[in-house]
Structure formats: structure tokens, C-alpha cells
2 protein chains.
Amino acid sequence: MKGEKEYLAAYNIHDYDIPLVGVDAVLFTYHGDMLKLLLVERRNHPDKNKWALPGGFVDKQSDKTLEDTVLRKIQEKTGVEPPYLEQLKTYGNALRDKRGWSITVCYTALISHQVCAPHVVSVSDVAWVAYDELSNYSLGFDHLEIITHARERLKQKSLYSVIPAYALPQKFTLPELQNLHEVLIGKPLQKKSFRRRIEQAGLFEDTGEKRTEKGRPATLYRMKDSSACFTFVRNLEQ
Amino acid sequence: MKGEKEYLAAYNIHDYDIPLVGVDAVLFTYHGDMLKLLLVERRNHPDKNKWALPGGFVDKQSDKTLEDTVLRKIQEKTGVEPPYLEQLKTYGNALRDKRGWSITVCYTALISHQVCAPHVVSVSDVAWVAYDELSNYSLGFDHLEIITHARERLKQKSLYSVIPAYALPQKFTLPELQNLHEVLIGKPLQKKSFRRRIEQAGLFEDTGEKRTEKGRPATLYRMKDSSACFTFVRNLEQ
DNA sequence: ACAAATAGTGTCTCAAAGACACTATCGGGT
DNA sequence: ACCCGATAGTGTCTTTGAGACACTATTTGT
């Protein structure tokens with residue numbers, strides 16, 4: 001009967017027939033009154049020349065956790081770390097990748113368009129694609145299914161949280177956030193209801209600044225640290 | 001420049017340094033007025049003789065999807081398929097397993113105690129453990145963290161859904177379900193509020209049968225198919 | 001027959017969302 | 001200087017659904 005030490009010394013991962021495993025990120029932003037997401041045009045097989053989510057394989061040397069892997073991949077494409085990153089779901093089956101049994105741990109990330117715009121334009125195979133124009137792109141693997149699921153989850157979150165605010169710049173206005181929520185839910189919202197719940201929960205702080213576009217200037221707010229995890233007890237009407 | 005066919009022919013997964021990957025299930029049930037979960041005493045290294053979640057590695061031949069893998073593992077220990085299975089989260093990092101970089105795709109499952117009792121008693125290294133008595137067990141890997149997270153998610157679900165009903169037998173009474181919710185939330189609930197929302201949403205159907213223990217007999221209900229995905233717009237008080 | 005125990009209801013209160021009209025503050029045109 | 005269109009932000013009534021809690025209903029045991 002061997003002890004643990006001997007077992008571990010004799011252990012070789014390549015003795016086992018294990019699936020391929022990677023990560024993918026659905027990185028959303030809000031720009032030009034549209035929900036957009038980052039796509040990458042594949043330069044390699046398989047699904048070469050199709051569009052896909054930013055993602056890749058774990059680097060056992062440089063990555064200590066799965067989050068390290070996603071953040072590294074997102075940084076390669078955008079040049080920055082997103083302020084919001086949450087695990088979405090893991091997809092794993094025998095058919096999703098032509099190379100065989102494969103697993104991808106998927107994340108939803110949110111970022112302001114502005115903060116990563118400079119880097120994104122400098123990378124040739126990367127594009128912000130409006131969610132509503134996805135049908136113009138040929139997507140590789142099962143990435144359309146993943147994107148659809150991420151979109152649905154983000155819609156749900158917009159009903160009971162202010163998490164979508166992470167898709168805006170650090171300083172943002174309430175009408176701007178409300179517009180984003182309306183795009184996510186696909187219906188207009190009552191201004192009063194929307195503002196009331198945010199004010200009562202004390203989620204944002206007034207920066208003291210205003211922004212004028214047309215009409216009365218809007219107050220610029222900043223998120224408080226607590227606001228990411230705050231959930232309202234009652235959902236907005238769908 | 002190679003085509004996809006040539007690429008795939010030359011592809012060998014063992015050329016890459018990929019992490020170990022498996023699945024684990026937090027299988028809850030409700031029995032004797034307690035929330036319990038299934039633990040397995042490990043017979044092999046690593047973490048030999050410690051308790052762990054039922055789980056294991058993907059079998060690329062027999063499993064077509066990750067769900068197949070979990071269901072197979074749960075069936076090995078309980079003899080049955082749980083009526084509720086949902087992905088919880090994927091844990092992956094360099095340190096959680098002594099064998100090196102490892103990933104586990106975790107699921108939450110619910111089942112009635114009764115339906116798997118016969119098989120569970122026949123398997124020697126498996127036990128239903130009350131959640132509140134977990135501290136008496138030495139758990140392997142990061143399974144305590146996983147269990148804690150699954151417990152928290154189940155509590156949240158009990159605030160806005162009737163998903164905990166899957167931890168009861170097919171036919172169950174409303175007071176029985178309310179007790180389970182109270183255990184999950186850790187607070188007494190208003191009988192009227194609890195029943196009202198279920199009735200208004202039309203989630204259950206009356207079996208016509210009654211069950212008498214002490215006092216007035218309680219109506220036995222059965223879940224409708226739709227009730228798994230139904231969510232109330234408003235949470236119960238925490 | 002009556003008490004204890006549990007199931008199930010009636011109804012008032014309260015919190016928070018919906019609806020919508022109102023006021024406030026800016027730029028631009030005259 | 002003043003008014004107008006546009007957008008920001010508020011007041012307030014209605015509606016929905018949960019909390020509180022007393023009430024009725026149906027069983028068993030004595």
C-alpha cells in the first residue's frame with residue numbers, strides 16, 4: 001500500500017484521456033446607444049476566419065487561477081482589466097470543438113468602451129460588434145449559444161441590480177444608465193421608479209460634476225464599492 | 001499553409017500542458033427536518049480517508065456532455081437520477097489539488113431522501129450528512145468552500161422560487177415545503193405569504209390526496225413542469 | 001364532548017413599483 | 001432679453017404583493 005507521496009510522485013496527467021480545456025469571455029460594453037461585445041477573428045484552425053469570443057488555454061506557468069487566464073486573454077485584446085468579471089457557465093461536450101471533447105469555462109465581463117478604445121483599434125483582428133448585428137457574423141464553435149446566454153443573464157441582472165453600470169465610464173449619468181437598462185430589458189422604464197430605488201439604496205455618489213449635451217445638465221455619479229453586490233428585493237417589470 | 005483537415009490530423013492533446021479536469025456535485029436533500037448532503041469517504045489518494053463530494057473525471061467514451069458525467073457519478077452513489085441538476089460554478093487553480101493545476105465543474109443537485117435511501121445504505125463509503133454537522137467531517141480539497149457556496153445559492157433560490165421542492169418527494173405538503181424554506185433561510189416565514197404566492201402563480205397541482213400526521217390532514221401537491229423555472233418578482237424577507 | 005395540534009383563510013397594514021403630470025435648467029434662435 | 005425645445009429631475013396617487021396576526025377547519029386522543 002503506497003503513501004500519498006509515492007502516489008503523487010508516480011502521477012502523470014498524460015496517462016489519462018482528459019478533455020481539452022480553455023476559457024472564453026463575453027465582454028460587453030455600451031456605446032452609441034447600443035450593447036456591443038468584443039469578437040476576435042480567428043487566425044488559426046479550427047474555425048479559421050470565423051469570429052469567436054476572446055479566450056484561450058490555461059497557461060499553467062503564468063496563471064494561478066482561471067480568473068488569471070481570462071484576465072490575461074482580455075488584456076491581450078483590450079489592453080486593460082475589466083472592472084466587472086463574473087463566471088457565466090461552463091460548456092463541455094464531445095462535439096463543440098472539432099479537436100474532440102472540449103470544455104470552456106465562460107465569463108461575462110463589462111467594461112467602458114472609452115477606456116479600451118485606443119488599444120482595440122490598434123489590434124487588427126478584434127472588433128466591437130453590436131449585439132443586434134451578430135447575425136452578420138459567422139461565429140465559431142458554440143459561441144453564439146454562449147453569447148445568447150450571457151445576454152440573457154445580463155438582462156436579468158438589469159432587473160434587480162446596477163451591475164450594467166460597469167459597462168459605462170467611471171463617471172456616468174442616471175439617464176445614461178437608464179438607457180442601458182432599457183436596451184438590456186428591451187422596454188422603456190419609468191424614470192421615477194428607476195431613480196427612486198437607486199437613491200434609496202444609496203448606491204452611487206455624486207461627483208459634483210455635471211454633463212451637458214442637450215437640455216438640462218445631468219449629474220455625474222460614481223459607483224460605490226458596495227453597489228456591485230447590491231440586489232433589490234423586487235424586480236423591475238419585464 | 002495547412003488546411004483544417006491536416007491541422008486536425010496532426011493535433012495531439014498530449015502535446016499541450018493542460019490542467020486536470022473533473023466534476024463534483026453538491027447533492028442536497030431534506031430529511032428529519034434537516035438539510036443534508038451526500039458525502040463520500042475517499043478510498044484513494046490524494047486526500048485519502050477524508051470526505052469529499054461525489055464526483056470524478058470525464059469519461060470521453062461514455063459521456064457526451066458534462067451533465068452525463070455528473071449524472072453518472074451521482075447514479076453510482078445513489079442509484080438514481082436527481083430531478084434537479086444545475087451548474088453551480090467552476091473552480092480552477094494551481095493549488096486546490098495536490099496533483100497540480102486542476103479544475104472542477106461543480107453542480108448543485110436536489111433529490112428526495114426516500115427515493116435514493118435503499119441504494120445509499122448499500123454503498124459503504126457514502127453518507128447523508130446534515131449541513132449543520134459538517135464541522136465533524138474532515139473535507140478534502142476545497143470542497144467545504146464549494147458546499148458553502150452551493151448552500152448560499154440554494155438559500156437565495158428559496159427566496160424567489162420553489163426549486164427546493166425538488167429536495168422533497170414527488171408528492172409533498174405545503175407546510176413541509178415551508179419548513180424546508182425556513183431551514184434554508186434560517187428564519188420563520190409567514191404561512192400566509194408563502195402560500196399566497198404559490199397559489200397565485202399556480203405552481204403546484206392538488207393530487208387530491210391528504211396526509212395526516214398530527215392535527216388536520218394536509219393536502220398533497222405535485223409540482224407542475226413549469227414550476228422549476230418560475231421566479232417571483234419579489235423576494236421573501238431575509 | 002372537548003382539548004391539543006396542525007392546516008388553511010380573511011383582512012388590515014406597509015413597502016416599493018407604475019403612471020404621469022409637474023418643475024428645473026440648460027442652449028439656441030429671434 | 002426672452003421664449004422655446006430638449007432633457008433632467010420631482011411630487012404624488014395608484015397598484016401590487018408581502019408582513020402580521022387573528023380567525024376558522026379538520027384531524028386524533030382522552
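Here, every reference points to the structure presented above.
Structure report, in brief. (Residues numbered from 1 in each chain as written. Chains lettered and ligands numbered in written order. Predicted model: local features only at pLDDT ≥ 70, side-chain atom pairs only at ≥ 80, totals over all residues. Heavy atoms only, no water.)

**A closer look at the overall build of chain A**
A count of helices and strands for chain A gives six helices and 10 strands. Counting only C-alpha atoms and orienting by the principal axes, one finds that chain A spans roughly 75 × 45 × 35 Å. Buried positions account for 53% of the 238 residues belonging to chain A. Counted over contacts in chain A with a minimum sequence separation of 6, partners at least 24 positions apart contribute 65%. The positive charge centre, built from 34 side chains, and the negative charge centre, built from 31, are 5 Å apart in chain A. (Helix = DSSP H or I, 4+ residues; strand = E, 2+ residues; numbered from the N terminus. Buried < 20%, exposed > 50% of the residue type's maximum accessible area, 1.4 Å probe, protein only. Contact = heavy atoms within 4.5 Å. Lys, Arg positive; Asp, Glu negative; His and termini not counted. Charge placed at Lys NZ, Arg CZ, Asp CG, Glu CD.)

**Comments concerning the protein's contact with DNA strand C**
Not every one of the 22 residues close to DNA strand C is listed here, only the nearest: Gln190, Arg196 and Glu237 of chain A together with Lys191 and Thr219 of chain B. Counting only atoms of DNA strand C within 4 Å of the protein, the sugar-phosphate share comes to 56%. With respect to DNA strand C, the side chain of Lys214 of chain B contributes an N or O atom lying 3.2 Å from a phosphate oxygen. Of all the elements in the fold, those that place two or more residues in the surface near DNA strand C are α6 (191-201) of chain A together with α6 (191-201) and β10 (218-223) of chain B. Tallied by class, the residues present in the surface near DNA strand C amount to five nonpolar, five polar and 12 charged. (Near = heavy atom within 4 Å. Polar contact = N/O pair within 3.5 Å; in protein donor to acceptor, adjacent residues only side chain to side chain. Nonpolar A, V, L, I, M, F, W, Y, C, P; charged D, E, K, R; others polar.)

**Remarks on the protein's contact with DNA strand D**
Close contacts around DNA strand D come from 23 residues, with Lys191 and Thr219 of chain A together with Gln190, Arg196 and Glu237 of chain B the closest. Looking at DNA strand D alone, sugar and phosphate atoms form 57% of those within 4 Å of the protein. Pro217 of chain A places a main-chain nitrogen or oxygen 3.4 Å from a sugar or linking oxygen of DNA strand D. By residue class, the composition of the surface near DNA strand D is five nonpolar, five polar and 13 charged.

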